[in-house]
Every structure is written in C-alpha cells, then in structure tokens.
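# Notes for the structure review
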Amino acid sequence: MTRFNAFNLLKNAMSGHKNWTEQWPDSQPKSEYDVVIVGAGGHGLGAAYYLAKEHGITNIAVIDKGWLGGGNTGRNTTIIRSNYLYDESQRLFDHSVDLWQGLSQELNYNVMYSNRGCLMLAHTVHDVQSFKRHVHANRLNGVDNRWLTPEECKEYCPPINIAKDARYPVMGGALQERAGTARHDAVAWGYARGAAARGVDIIQNCAVTAIRRNAGGSVAGVETEKGFIKAKKVAVSASGHNSMVMATAGVRLPLESMPLQALVSEPVKPIFPCVVMSNAVHAYCSQSDKGELVIGSGTDQYVSYSQRGGLPLIEHTIAAISEVFPIFNRMRMLRKWGGITDNTPDRSPIIGKTPVQNLYVNCGWGTGGFKATPGSAHVFAYTIAKDEPHPINAPFTLERFRTGRLIDEAAAAAVAH
Amino acid sequence: MSQYRVSGRGRVDTSRAVTFTFDGKSYRGVQGDTVASALLANGVHLMGRSFKYHRPRGAIAAGSEEPNALIGTRRGAGRFEPNTRATVQEIWDGLETSSQNKFPSLKFDVGAVNDAAYMLFSAGFYYKTFMWPRSFWDKVYEPFIRAAAGLGVSPTEEDPDHYASRNLHCDVLIVGAGPTGLAAARAAAVEGLRVVLVDENAEAGGTLLSEPQARIDGKPAWDWLAAELEALKALGVKVMTRTTAIAYYHQNLIGLVEKLTDHLPKLPADTPRERLWRVRAKQVVLAQGALEKPLVFHGNDRPGVMLAGSAQTFLNRYGVLVGKRPVILTSHDAAWYAAFDLQDAGAQVQAIVDTRADVDALLLNEARARGIAVKLSHTATATSGRLRVSSLRINPVAGGTVGSGQEIRCDAVLMSGGWTPSLHLFSHTKGSLTWDDDRTTFLPNNTPEDCVIAGASRGLWGIEAALADGAEKGRAVVEALGKTGAQVAYAVEADRPGTGVSHKELPTDLSAGKAKAFVDFQNDVTAKDLRLAVREGMRSIEHVKRYTTNGMATDQGKMSNINGLNIASDALGKKQPQVGLTTFRPPYTPTSFGAFAGYHRGEHFEVTRKTDIDSWAEAKNAVFEPVGQWRRARYFPKPGEDMDAAVRRECAATRASVGIFDASTLGKIEVVGPDAVEFMNRMYTNPWTKLAPGRCRYGLLLGDDGYIRDDGVIGRMSEDRFHVTTTTGGAARVLNMMEDYLQTEWPDLNVWLTSTTEQWSTVALNGPDAAKLLAPFVEGVELTEETFPHMSCVECTVAGMPARLFRVSFTGEIGFEVNVPAHLGRKLWETLWDAGQQYGITAYGTETMHVLRAEKGYIIVGQDTDGTVTPYDCGMGWAVGKKKPDFVGMRGLARPDLQAKNRKQLVGLLTEDGSKLEEGAQIVFDPKQAIPMTMVGHVTSSYDIGTTDQPIALALVAGGHEKMGETVYIPMPDRTIAAKITSTVFVDPDNTRLKI
Ligand SMILES: Cc1cc2nc3c(=O)[nH]c(=O)nc-3n(C[C@H](O)[C@H](O)[C@H](O)COP(=O)(O)OP(=O)(O)OC[C@H]3O[C@@H](n4cnc5c(N)ncnc54)[C@H](O)[C@@H]3O)c2cc1C
C-alpha cells in the first residue's frame, strides 16, 4: 500500500500517476474465515478494520451484494453530531465523534471530517423545552451543546430567516460546535483500504443468501451467490436488509424498512457555513466541499424496499428549505436519491450478540447511522472479538425490546439524523 | 446583422432585435435566440470557466445537456439565478447575464494556475493529502477548497416570484415532441384519448427543428410540423412547451415543470414563474430522443470545439454559423451532414476527419463533389488557440499505430462520437437495460410501469424510423387502453439516419499522462483520471464516478456517462455491462426549488388552522402561538401587560370567578357502532363497558410499547356512540392509529371513526361562577350536583344552539365544555362573554391553561411525558383497567423494565430558595459529582405566575414516588438549585372546588 501524503502525491504526479497501487484487491472468497461480515458499508468495513488492527483477527471476509460503500454509506447526507438526549446514546455517538477527529490520520485517507457545527432550530414552545433538555443533559455529560437566541442563530448561519412573523418563527437553537460532516465515500474506501492492507478480503457483488447454522444451533457460515463460506463467527451490518438476512438464521428483528430521500442543489460558492436542522419544519441543510447544498428530511411514510421514493416528500422538504432559508428559492435541485433505512421502535441501534451463538448484529441505524460509523464499528469489533459487548454498546441489546429498557431518542425529541 | 448570423436560416425573427448584456457588455441578438446562440452570432465562444482547472470554455451543445456555458441570469432585484445554461435561456430586452467561477475576469482568470498544476490535481488527490497538520483541514485546506469549488454564486435575496402546482390526469402522456412523440400523439389522439405532449424546448418539433431539409408526406419538414401541430391541437392534444418531465414516480406519476416567465421581457401580472404538474397518466410514451457524444482527445474542451449536431442546430434553428472555417471530426455519419449544412450556409469546411476507414460512399461522393477534404482513419491529438480554438492536430492511424501529425487551421471543431439514447426517465422507473454491442450503447429493456419508449431513445436513428416507431408505439398504447389503433405510415425524403462507431479516448501520439482529454467537461475529469481510478482499484462505474466525479456535474452525465463507461471498461478489460451504468437520478435537468415549494411559502408554507373564535381573540389583541398547524391564543394582554402579568391576572380571575377558554382545537373523534364500546376497551387503557351513557371519563391511550401516547376526556353519548377528545397536536396521529388497528387488527369490529375536530367549536368555562353563568342558557338539563355531576355529558341546547355539554375540568375549578356546531362558536362565546360581565369573566389562553392544570397536577402529554412514561410513572395506574383481557400496550406494559422499581416517576418540586426552575433542566441526587454526572430526571413543567404562593414544578425523577420530601439538585451553569420532592397536586388536593 502506497502511503498517502503530499510527497508521494508529488512523486507520483511526476511519473504520470502510473505507479499508484490498488487501494484494495478484488478478492474472491476462500472456503473458510474466522469472521465473515455481511455488508461492506462503513459499519461492516470499519468492524473488519478494527478487528484486524486492535484484536489481531485478520482472517476476515467482508461480503457485499453490490459494491462496497454502495448502500446507505454512499447515500447519506453525512451529518455528524453527538448531542443526543440519553446517556447511552451520548456515550456511543460521542465515542464516534472522538474517533472522527483523527480518522483521516488513523486511516491515512482524508475523510474530510469538517467541524462545521450543527445547529438545530426550535420553532415552537415545545421545541424550546425539548432542546433545552438536551442542552442541560449534554452539559452534565460533558458533551458540547449550547443554546442560541434567534439572533445568535442568524449570526452563526446568515441564510436563516428569523422573521418573527414567519409561519414557524425561529425561537432559538441548539448548537454543537464539534459536530459536522465528512466525505462518505472516503470513509468506506479508507476503511476498505486499511482493512485490506491488514489481510481482510473484501468480496463484492456476492449476495449472502442465507446464514447457515450447525446442528447445535450455532453459526456455521454463510450461503452466498458464490457458494458456501464457512465461518467461525458471522457479523451482520447489512443496512436496509438486516431483517431479511437475519431471518435466514431464524432471528426476527424489530425493524421497519423505509425509504429515506436526500437531494443536492447545483454547486455554488460558499454560502452556508454549518449544518442546520429544523425538525418542526422538516428539513436540514449543509453545503458540501463541492458547493452543493445537501438537503434531506424524514423518511417517506410507508414501509418499502424501493429506493425510488415519492414526489410529495420532496415537495415538502424543499418548501421547508425555502421557508427557513428563503434566499434559496431560486436555486435548483440537481439530483435526488433514496436509500432504505432500518428503523427500530425506539430509533436507537441494536449492536451486539444475538440468540444464535457466534452471530452478531449491528443494525437499526435508521436515518442516522453514518455519524456513528467509527464508534460503532469500533465497539462492534470488540463485541465480535470478545464475544461480549463493549461497555459502550452494552445497553444497545436486542433484548431491550423484550425487557422494555428502551433508549427512546425518537420519543424524546423526534430528532432524526 | 451580427457577424455570424446567416440570413434566411433558422427559426428566429431577425427583424426583431433584442439587446442583453453579458459581463456588463451589451450584445444584440434576435427574437428567438438563446444567450448562447446570440453570443455565437456575435462571434463570442468563451462563455465560462471549468470547475477545477478554470479552463476557458464555450458552449459544446445547443440544449439542456450543456455542461460548460453556465451563466448567472438576472432580472432586477431579487431575481438572480446561478448556473443557468446559456443554451437554454432565451434572451429578452434587458436580460443581464454574467460568467462564473472566474477572477478577476473571464478572459484572465488567476484560478487557471490550477491548470498548470494539473498533474497534482489528479482524480481523488484530495483523499491523499491535506491531512497534516490535523487542525489545518478546518482552518486552511477546506476553506481553500471550498472557495475554489462551487460554480456560480447563490442568490442572496428573497425570491419575489411565485410558483404554482397542478394535478392532471390523462390517458397518454408523451415526453418529447420530436417526430416520435408527434407520431405517437397522433396515434392516440385520433382514437379520442386524452393526450398530453410535452417538450422542454421553447417550441415543439425536436430534431425536425434542426433538419429543415427533410420532407414528410411531400411537405418540407417545417411546413409539415406546423400543420401537424395544428391538427393535434384540433384533436384535443394538450401540447406543452418549455415543460420538462423531471421525474418518473411509482404508478405512472410524472412530475413536469413548466417555465412560464423566464423568457418574457415583461413579467405578466399574476403569472407564476413556474408550475409543477403532477401528472397521473394511464400510459406513458417516452420519446426523449438521443444525445450526441463528444469525442475524447487532448484539447477537446477548447472554446470553439463543439458537437456537430449542435452546430447544425445553431445554424438551422437559430441561423448562426458557429465558425466560418470549421473542421469536422467524427466517428459517425451524422457529422458529415453538419459539414454540408455549414458549407451551404457559407462556411469553408477545412476538412472532414473521420476515425473510420469505411464510410458510406454516398457521403464520400458528396464531400468530394463539394470539394471538402476528407481524412479517413485519422485521430485527433491536439487543439491549439488560447481562448478559442485555432487549429486541430490530426494524425493517421494504421494498424493501431498513430502516425505523425498535421495541423489544420480552423475556427471551430465540430465533433461527433455518435449518439446515445436518452434513457433518463426510463431509468427512473427502474427499467432494465440491455447492452447493444453494435451500437456500443445501452438500450431499454423492461419497465414495471405502464410505459413504452420509442424512437431515438431506443436507438433508432433518423426521422423516418422515429415517425414509424412513434406511430407503432402509439398504437400499442392505444391498444393497451382497450381500443384498436390504425396503421399509419409516413413518407420521408432527405432523411439522414446514418451509422457510426463508438470510441473510448481517441488514440494519441502524446506520451501517456500528458493528454488532457476531457470526458466530464464541467468537472474537469479526463480519460487519464478514469484510468487512474481503475488502477487504484475502482472497479464499478459507481466507484469510478465517485472517485473522479465523472458524471456528477450539472449535466448529470448527459455528456460524459457513456464515454466514461467505455474508457473505464477498457481499462478494466471488461465489457461495459459488467462495469455497469450509474443510475440516472431525477430531476432530468436541474429544477428550481421554487417549483417544488409551489404555493407552500411564507404564510402558506403550511395551512394555519384557526377556530371560529380566533377572530375574537385577534380583535382582543391576543398573542398567539403555533400548536401543530393551529394557531392558539397564548394570552390576552391588557395594555401595558407582559406575558407574566397577563397570565397572573388570567389565572387569578379563573380561580376567583370565571374564565373562558377556546378549547376548539382539541382533537375530536366520533366512535360509533354496535362494537364501539369493545373498540374503546381495546384502544384505551380504561374500562368503558360500565360507563353509562351521559357520563364521561378521562381516557389514556398507550402505544403498543406501553408508553403514554395521548389522553383526553371521552364522553359516552349513547350506548353505541363515543365523543372522544384528543390532544390538539395528537388528533391526526390518534385517528391514524385507531384506523390502523381497526383495519388491520380488528376488521371484525363494527365501528366507524370520523374526525369531528372541525365540526365542533368548544368553549370552556372554568371557575366558581361557571355553573351560575352557564345555567340560564342551558335547556334540557339542570346544572346541579345531582342532575349533572362532574364528568357528565349530554346533548342539549345552549343559548338556543344545539350542543354537547360536558362537565369536565382541566383547572381544578368547576368546569364545562360546550361544543356547538363549529360556525356557531363565536356566537356562543360572545353570548357567554356578555353574560359573564356580571361575574368579571376573563378570557384566558394556553399559557394560563398550562399553569392552572399544573397546579392541579394534570399532565400534558408530550410535555410531562415524552414517550417513555407509563401510566404508573405518572401516578395514573387508576386509569388502567386491571380486569380487561386486552388493550393496546398491555403487553408492552407488562415487560419487566416497565414494571421495575426505580423508574422515572412524575412528582412535584418546590425549590428551597423559591426560585423558578428551567423546564428541561436535569436533576441529580448528588450535586458534588464530577462530569459526567449521573442524572436522575428532569423538570417537565415549571411556573411562577400562577395562584400558588411559590413557584411550582413537575418533574420526572427516578423512584420519585418513594422519595416524597427528599431533596434533589438541579445543577445549572451558574449555580446548583436544591428542591424538595412533593406531590404533583399543589391546589385543592381534596377536590372540594370541583363541587357546585
Ligand atoms: C438519504 C439518507 C440520508 C442519511 N443521512 C444521514 C446523516 O446525515 N447522518 C447520519 O449519521 N446518517 C445518515 N443516514 C443513515 C446512514 O446512511 C446509515 O445509518 C449508515 O450509513 C449505515 O451504514 P451501514 O454500514 O450499516 O450500512 P450500508 O452502508 O447501507 O451498508 C450495508 C451493506 O450491506 C449490503 N447488503 C445488504 N444485504 C446484503 C446481503 N444479503 N448480502 C451481502 N450484502 C448485503 C448492502 O449492499 C450494503 O452495501 C442517511 C441515510 C440515508 C438513506
């Protein structure tokens, strides 16, 4: 693996970039692995990377039905923040935000983590109460998040309309300055390159059709489009299709799969300095390094595996953007797309062991799992290696839906992403 | 006339001059010009700068696929938009346009130093560097990259225009009004079907507009077109121009955007700028045609190098010669006709250079007859010229070897790499594609929608083939709709179908790495970048695209996708379909936000629901707050009062005499039917069987997880009829939930649900004088403790109005809610208001309502509960029917964690220092801990403006019910507040005040 740095870039430029090597090889499956990870999204690739790097397990295959990073990792709007309400979530997401800070250096791949800050706007008395609750909870947990007045919101992000007579006037906002965005593809590629360099096989275009179990019930391996692959342990991170994959092992997951759409505008010069989310009005926005406004909102209101999405949601999302940022009404939408998100009843993920021995799952990220990629991959690797959860993911069990020990971020704030 | 305008050519009106500006300089065009055609008529090719290298660029195409000629367009204050395609924007007197992404000027742009450092800025270079030192990314590198990126500048003012939307149903929607679409429209229209024919261009006709030489059914193409359009309109076809089909959704829902004013010199009053049409069509015919491909060679991006077909369009449609000494560079027959057309219009064609060895003898003969030099089996290896092409370097290719080059002086290079079908909308349907090796292109296969694709968009070239296929597919659609269609044939003369070959980048004699052969022009992606991506392990076209940004420019790959795919597959040594085609994503062309937002802006962003009494509150200068879509009076300040003062007065008056409150926004659902009581038993936690008609009860609704979702007083009006009330914000949610259960879980129950929120106006009277005030108006029931006790309901007459009267209280005082037909709300209110003057009646708003209920310990769902609170948590176990076999949430509620001891429970809090707590503040047991602290709950409600002598608060505290009298702490940023846990009821714990 050629190290990435300015010197090597220059050196290679001199030789016409002829000598760069593959970032990861096109691996074909071996007959047996210590760990098979289903799903080469950020979470799956990240878990492989940390297994290899921190737990010395390198006989790993990451298998994807398509191209690595082609799922939600490559479709999301890359909002990263950790100002969640509950202690459990704050710990998980803040662990992730900690890892984001140094991820480019860790992976020797510029993932362009941009600390641009995330501002969540309050438009009703109820929003104000709820956001202040977050601010207080975060403060006592040592997580950065502070309250801004409408004028301070406007100063932080000038395109915001704070007119008092707006349909839903801005009554203030909660700002997390450590929050931001990153380049999604680079995250998948960086982990893939790092994992491959440590011996991990990344097998693309090979759907896992079933998880096979031994007579005793424990995991035996996976059936794939390229035949059976034996595995001591199987870990599933197949966003959008987790419930289908896990069902083949006889494990039912409490997931509903729903399309989530996003869109970008045509690129313009810098105009939007941070991430702004407005849940009451239903839209959020940031500007990419390329100059496009990156926009999204909530899921379509129906369960579906179709990534097409519908028109009404887009109309509403853009109306919301024009409501909060009226100067953008003459901008143009360049492209929109959708992804399938797996949603749990409490909108928090499931990361851990399953009723099947040696079968692990990391799922239920819904509309907001990109931000968790490094943190969750890191603790998932720990769980797989040690066959017990890391303290950070210990509360995120599958059992909690049976016991009722939910981590209900949705109920707490109806905040997505 | 301008230097490059050809008289007698084109469809523009040369008698009507139009003046506009570009970068401050005034230019003259003619009526019917686009900005691009008008600039070209003035000999201006330089129209923009590219994204990364800031290379000078001109228009390469003549239509909406243009990647280079992007400009800012302005019409006075507030009306500016960046990134407008100069090839689409029509000119009008006074239009101001400007170039983009340049500093200080378009001709001299310092950003072009990037071009010199080209070797460094290879594909994905930014993933490999800018990582040291770590803190520099945010402060130095990223701001630098951002400033360099982006194309135009964002508008900075609010948009003064308005936008509209409409729904349309039709039998057949046809996208594209070229010969294919026209023939399909006729086939459907003659059968009496409702047909809509749309085209993004300013006029219908498609290729016919660029091919006046053709003759159809004996008539010149343009005469035929005019007659045909008349005929179609006479048949009732709705022909919509400047209308783009932007996206194809499930079940034949197509979004169209119609541009109504961008081309007009004067804005008509009351006309929206754009209109979004949601078309539901029984059948769709896609006749979007094909897009010409550029050739990929070193210097193919210099201003003056453009698509041959586009040059033909500029000539035949706009009467503009893009060059006087053009050279043709092609791998397809089509470009030969461009040479002939331009020569006929007075150009001196320098040569026709064809990459192929074999070319149709007819073309060769004609070129020879015209005296045009022909170079077969040649490649192009370079262009030169600073801001405009001045020569093309060509080299013979024999047996794979590139021979020595020769310069051809020229002022334009017209290139053609053949055509690729426009499959965009077809792909939106998730239609499958097949690879056609002969034509080196993808062709449409199957689609799940009721849709056919015809003509050039399925790879059929030429007008005759288009007409024939349009007619045939039109007939197929007619038959799919149950009619029999007729066979129609068109006779076409002087057609120019042609064939060609497809290329990856053209062979070159330049040393590898030197060539800047552009594939994605706007994003500056070269063939070399694509090969580098493959070398680095990018094996799918999705990876190649994302790594290089090929196809991600504002033309969304219309120019670059197939060339990119050909090069990537060559680099991989695989067939194109194995490498894949990236998904075409909506919209077809960039679409203004305004078109999507439509009417939903400003005040109309969302409906503002107002009660019948709202106008009274407004007249009394109430201050309002949004609650869901409703606006509700928050308080009624007297002159000089702030909110606190007003609320204090309202609270005191209500407890002292009588307060009047508009409760009309409460959700109301009528639950009716033989099984109504069973349905209520299953939905709500409470038992309903024994509730007698004429009585009401506080109902609790849980989610299936066992947590409180909603609440409200529910009256049993008769055996089989319940008047259910919900929270204001929860009404729709509750009705949805009820319908969901009724339709999917209990379809056997005989129950009807009707939302009656807007059928009733509800006036609440609360206070010791409430009964006295109301009694004289009520007919049908006496308001005494015996005849109408607390929690009664009845249908009666109030002040002569039919009413449903409830005796309920959300304040702890004697209370009534009078429901009358919605339109009588204000009348009732005013009647009671007038009569109430003798008691000093006081109107109060939501804020007072919140305070009074908190003093009495009544919860507000969503404020004191948050979706994690059980009935037991807030001390309402009494509302759960213990003997019921089932209700929604029963199993959820039985889970161990919901039964656990130390759950957060609702309690009252009184601060030790008498200060008011902040809602949302977190609670700890041990104030001395270090951060992160162990938090045990939070303050849910807090008031210091009510009728208690000290501030009160409600809070959720772990194990709170067992901790009465204990002290907890609320650490604020500046200090820590101590508070004592109390009961949630601060006023009248024995309910004595509820008695009349
Ligand atoms: C439009 C959109 C916007 C979003 N915005 C944000 C945001 O702003 N911030 C945020 O934090 N999160 C956001 N998210 C959520 C985020 O993208 C996901 O939670 C996260 O990327 C999930 O990562 P993953 O690695 O688990 O899944 P993925 O990247 O989806 O990876 C799962 C992989 O599993 C593969 N797979 C599935 N089935 C099989 C099988 N049978 N065999 C083999 N492989 C299989 C898939 O091909 C896929 O590559 C957004 C999501 C969407 C769709």
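An unreviewed UniProt entry lists chain B under the name Sarcosine oxidase subunit alpha, from Pseudodonghicola flavimaris. Per UniProt, the comment on chain B under Sequence similarities (unreviewed entry) is "Belongs to the GcvT family."

Within an unreviewed UniProt entry, the label attached to chain A reads Sarcosine oxidase subunit beta, and the organism entered is Pseudodonghicola flavimaris. For chain A, the Sequence similarities (unreviewed entry) comment in UniProt is given as "Belongs to the SoxB family." Of chain A, the UniProt comment under Subcellular location (unreviewed entry) reads exactly: "Cytoplasm".

### Some points on the overall build of chain B
Across its full length, chain B holds 25 helices and 53 strands. On the principal axes, the C-alpha backbone points of chain B span a range of 115 × 70 × 55 Å. Burial statistics for chain B: of 996 residues in total, 63% are counted as buried. Here chain B contributes 110 positive and 116 negative side-chain charges, whose respective centroids are spaced 5 Å apart.

### Regarding the site of the ligand
Residue and element names in this part refer to chain A. Surveying the vicinity of the ligand reveals 36 residues, the closest of which are Asp 64, Asn 72, Thr 73, Thr 77 and Lys 371. Backbone polar atom of Asn 72 to an oxygen atom of the ligand: 2.7 Å apart, as the coordinates give it. Thr 367 places a main-chain nitrogen or oxygen 3.1 Å from a nitrogen atom of the ligand. For the ligand, the accessible surface in isolation is 1000 Å², of which the surrounding protein chains cover 97%.

### Considerations on the domain arrangement of chain A
All names here are of chain A. The domain boundaries assigned to chain A delineate domain 1 (27-82 + 84-109 + 183-254 + 346-413) and domain 2 (118-177 + 257-343). Taking the mean C-alpha position of each, domain 1 and domain 2 sit 28 Å from one another. Each partner contributes residues to the interface: domain 1 has 27 residues there, and domain 2 has 28 residues. Taking both partners together, domain 1 and domain 2 bury about 2300 Å²; carbon and sulfur atoms supply 51% of that area. For the pair domain 1 and domain 2, the interface holds zero salt bridges. The interface formed by domain 1 and domain 2 holds 13 residue pairs in polar contact (both at pLDDT 80 or more) in total. Mapped by element, the contributors of at least two residues to the side of domain 1 that touches domain 2 are helix H3 (87-101), helix H8 (242-247) and helix H12 (409-413). Of the residues contributing to the side of domain 1 that touches domain 2, the split by class is 10 nonpolar, 12 polar and five charged.

### Section: the interface of chain B and chain A
Listed per partner, the contact involves 119 residues of chain B and 109 residues of chain A. When the buried surface of chain B facing chain A is broken down by residue, B:Arg146, B:Phe593 and B:Phe605 rank first, second and third, together holding 9% of it. Between the two partners, chain B and chain A, sit 11 salt bridges. Linking A:Asp289 and B:Arg146 is a salt bridge whose minimum nitrogen-to-oxygen distance equals 2.8 Å. Here chain B and chain A share 66 residue pairs in polar contact (both at pLDDT 80 or more) between them. When residues in the side of chain B that touches chain A are grouped by element, the largest group, seven residues, is from helix H4 (residues 136-148) of chain B. The residue makeup of the side of chain B that touches chain A, split by class, is 52 nonpolar, 36 polar and 31 charged. Across two bridges, strand S14 (residues 332-343) of chain A lies against strand S33 (residues 591-592) of chain B in antiparallel orientation.

### Quick notes on the state of the cysteines
In a disulfide, the sulfur atoms of two cysteines are covalently bonded to one another. Residues and elements named next belong to chain B. Under the definition given, this model contains zero disulfides over all chains. Cysteine Cys 170 shares no disulfide, and the gap to the nearest cysteine sulfur, in Cys 451, comes to 13 Å. Looking at the unpaired Cys 874, the closest cysteine sulfur is the one in Cys 696, lying at 20 Å. The exposure class assigned to Cys 874 is buried, which follows from its relative accessible area of 9%.

### Focus on the side chain of A:Ser257
Residue and element names in this part refer to chain A. Inspection of the secondary structure puts Ser 257 in strand S10 (residues 256-265). A polar side-chain atom of Ser 257 sits 2.9 Å from a polar atom in the side chain of Asp 342. For Ser 257, the contacting residues outside a window of four places in its chain are Gly 240, Ser 243, Tyr 302, Val 303, Ser 304, Tyr 305, Ile 340, Thr 341 and Asp 342.

### Digging into the UniProt feature "domain: Rhodanese" (unreviewed entry) in chain A
According to UniProt, the feature "domain: Rhodanese" (unreviewed entry) maps to residues 35-79 of chain A in the numbering used here. Counted over residues 35-79 of chain A, helix gives 31% and strand 18%. Its end C-alpha atoms are 30 Å apart.

### Comments concerning the pattern of salt bridges
For the structure on display, the rule yields 82 salt bridges over all chains. For the salt bridge of B:Glu449 with A:Arg308, the shortest nitrogen-to-oxygen distance reads 3.0 Å. Placement of B:Glu449 in the loop between strand S28 (441-444) and strand S29 (451-453) and of A:Arg308 in the loop between strand S13 (293-299) and helix H9 (311-324) is noted, with the two residues assigned to different chains. A:Arg308 shares its class with B:Glu449; the two are buried. Via salt bridges that share partners, A:Arg330, B:Arg79, B:Glu81, B:Asp159, B:Asp161, B:Asp262, B:Arg273 and B:Glu274 belong to a single interconnected network.

Quick notes on the rules
- Residues numbered from 1 in each chain as written.
- Chains lettered and ligands numbered in written order.
- Predicted model: local features only at pLDDT ≥ 70, side-chain atom pairs only at ≥ 80, totals over all residues.
- Heavy atoms only, no water.
- UniProt positions renumbered as here; feature names shortened; annotations may be inferred.
- Helix = DSSP H or I, 4+ residues; strand = E, 2+ residues; numbered from the N terminus.
- Buried < 20%, exposed > 50% of the residue type's maximum accessible area, 1.4 Å probe, protein only.
- Lys, Arg positive; Asp, Glu negative; His and termini not counted.
- Charge placed at Lys NZ, Arg CZ, Asp CG, Glu CD.
- Near = heavy atom within 4 Å.
- Polar contact = N/O pair within 3.5 Å; in protein donor to acceptor, adjacent residues only side chain to side chain.
- Areas by Shrake-Rupley, 256 points an atom, 1.4 Å probe, with all protein chains shown as cover.
- Domains from an automatic or database assignment.
- Contact = heavy atoms within 4.5 Å.
- Buried area = accessible area lost by both parts, 1.4 Å probe.
- Salt bridge = Lys/Arg side-chain N within 4 Å of Asp/Glu carboxyl O.
- Nonpolar A, V, L, I, M, F, W, Y, C, P; charged D, E, K, R; others polar.
- Pairing = 2+ DSSP bridges.
- Disulfide = S-S within 2.5 Å.

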